[in-house]
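# Chains, contacts and geometry: an overview
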Amino acid sequence: MKPSSFIILLSALLLLACRQAATPSDNTGDPVADDAADTVSTAFYNSQGSTPDAQGSKPNASLEIPKVVRGNEGKILRRVGYTTSYNSQNRIPNWVAWHLPASHAGGRYNRSNEAFHEDTEVGSPRAYDSDYRSSGYDRGHMCPSGDNKWDKKAQEQSFLFTNICPQRHNLNTGAWNDVELQCRAWAKRYGDLYIVCGPVLYDQQHRTIGRNRVVVPEAFFKVVLRKQSRSGSSDYYKAIGFLYENKGASRDMSRYVKSIDELEELTGLDFFSALPDNIEDKIERTADLRDWYPLREIK
């Protein structure tokens, strides 16, 4: 054998050996996979552009984006401060989701110079300000203006009607506002929240407002996930849900608490599905407001 041929053959054998060593396998000959209950799929992390942490979840990995199990998937619109699934038949969002770190719980871009406006990224008929005028309903934010004060564009986009639902005034300025303020207080305390909220439609025939027949929800849900203990000594997950009828009601937050499982059954959405299954199952089974004490004082 010529020296050059021997060198080529030796190089090929070394390359093959390296490839076999780099791919561990079980006795079936397939690559060894991590326990599905303790990890999130590699495809998910690759799609998000980074890798999981020690608990199997990926920080800032769109943990807030739900999966649709049943119902309208909607048109997904990604904004600076939130993501919304828009329902073109109802002219309101199916859901709105966002990550709320402590740094987004305040800022200098307030709502004083902002006006509600139609979203030209969706077709007609769509909601206009005139649909709400003299309707008896407020223009109710799903992702609040107060969660978008950290960025000028985020604040402006929070006033798009694809982030808005018709909401009774007493709810909008009462219990719904209370939970929005509480979430910002929790973000400052725990560092990171992942939030999804949206309308609940119970009836077959819904009340509508305006020329464009914007559907009025019968209720609203909100689910909240955090990833830090009160002491900050170790990372772990806690989740809680809330359900509010679209009417004026008590300001006692404990009256609206629901488990994530209950709200998943009600809405047809799978919340926080990017978490490892064992963690997701545990935190979604029950909800205890005491895990989130102390609550801010309601004024």
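Per chain, residue numbering runs from 1 following the sequence as it is written. Local features in a predicted model are, by the rule used here, given only for residues with pLDDT of at least 70; side-chain atom pairs are given and counted only at 80 or more, and totals for whole chains, interfaces and linings are based on all residues. Calculation of side-chain values draws on the structure's entire complement of heavy atoms; hydrogens and water are dropped beforehand.

## Some remarks on the side chain of S273
Which entries qualify depends on this criterion: Numbering of helices and strands runs from the N terminus, with a helix taken as a DSSP run of H or I at least four residues long and a strand as a DSSP run of E at least two residues long. Summary of the burial criterion: residues with accessible area below 20% of their type's maximum are buried, those above 50% are exposed, and those between are partly exposed, where the area comes from a 1.4 Å probe applied to protein chains only. Contacts: residue pairs with any heavy atoms within 4.5 Å of one another.
With respect to the secondary-structure elements, S273 resides in the loop between β13 (269-270) and α8 (277-285). A residue is classified by how much of its surface remains accessible, and S273, at 16% relative accessible area, is buried. Those residues in contact with S273 that sit more than four places away from it in its chain are K67 and E280.

## So, the pairing of strand β6 (residues 164-167)
Put simply, the rule reads: In short, DSSP must find at least two bridges between two strands for them to pair.
Residues I164 and P166 line one face of β6 and the alternating positions C165 and Q167 line the opposite face, and both faces are buried. Relative to β6, strand β5 (residues 138-141) runs antiparallel, the two being bridged by four bridges. Among the inter-strand pairings, R139 is bridged to a residue of β6, identified as P166.

## Re the sheet that holds strand β11 (residues 238-245)
Convention followed: With axes taken as lines fitted to C-alpha atoms, and helix axes fitted only over the stretch in contact, angles between N-to-C directions fall between 0 and 180 degrees.
Strands sit in the order β2-β3-β4-β7-β10-β11-β12 across an open sheet of seven strands; the sheet is antiparallel. The sheet terminates laterally at β2 (75-78) and β12 (257-258), the two strands that pair on one side only. Bridging between strand β10 (residues 219-226) and β11 involves eight bridges; their strand directions are antiparallel. Of the residues in β11, the one forming a bridge with K222 is F242. Contacts from helix α7 (residues 260-267) reach β7 (192-200), β10, β11 and β12 within the one sheet, and its direction differs from that of β11 by about 50 degrees.

## A look at the pairing of strand β4 (residues 92-101)
When you tally the buried positions in β4, you get ten out of ten residues, the bulk of the element. Both strand β3 (residues 83-87) and β4 contribute to a ladder of five bridges, which runs antiparallel. Within the sheet, the bridge partner assigned to Y86 lies in β4 and is P93. Hairpin connection from β3 to β4: four residues lie between these consecutive antiparallel strands, with R91 at a positive phi of about 65 degrees.

## A short note on the confidence of the model for the chain
Operational definition: pLDDT expresses, on a scale from 0 to 100, how confident the predictor is about each individual residue.
Looking at the chain as a whole, its pLDDT mean stands at 83, while 77% of the residues score no less than 70. Counting interchain partners and residues more than four positions distant, the pLDDT-below-50 stretch residues 6-10 has two contacts. The low-confidence segment residues 13-60 (pLDDT under 50) makes 55 contacts with residues lying over four places distant or belonging to another chain.

## Notes on the packing of aromatic side chains
Here is the rule we go by: Working definition: a ring pair exists when centres of Phe, Tyr or Trp rings (six-membered ring for Trp) sit within 6.5 Å. Plane angles under 30 degrees give stacked, over 60 give edge-to-face, the rest tilted. Sitting over a ring, as applied to charges here, requires NZ of Lys or CZ of Arg to be within 6 Å of the ring centre and within 35 degrees of the ring normal.
For the structure on display, the rule yields eleven aromatic pairs. Ring centres 6.0 Å apart and planes at 25 degrees place the aromatic pair F116 and F161 in the stacked group. You can see F116 sitting in the loop between β4 and α3 (129-132) and its partner F161 sitting in the loop between α4 (152-157) and β6, a full 45 residues away along the chain. Look at F161 and you get buried, because its relative accessible area is 2%. One aromatic cluster in this structure is built from W176, F220, F242, Y244 and Y256. Above the plane of the ring of W176 lies K222, whose end atom (NZ or CZ) is 4.8 Å from the centre.

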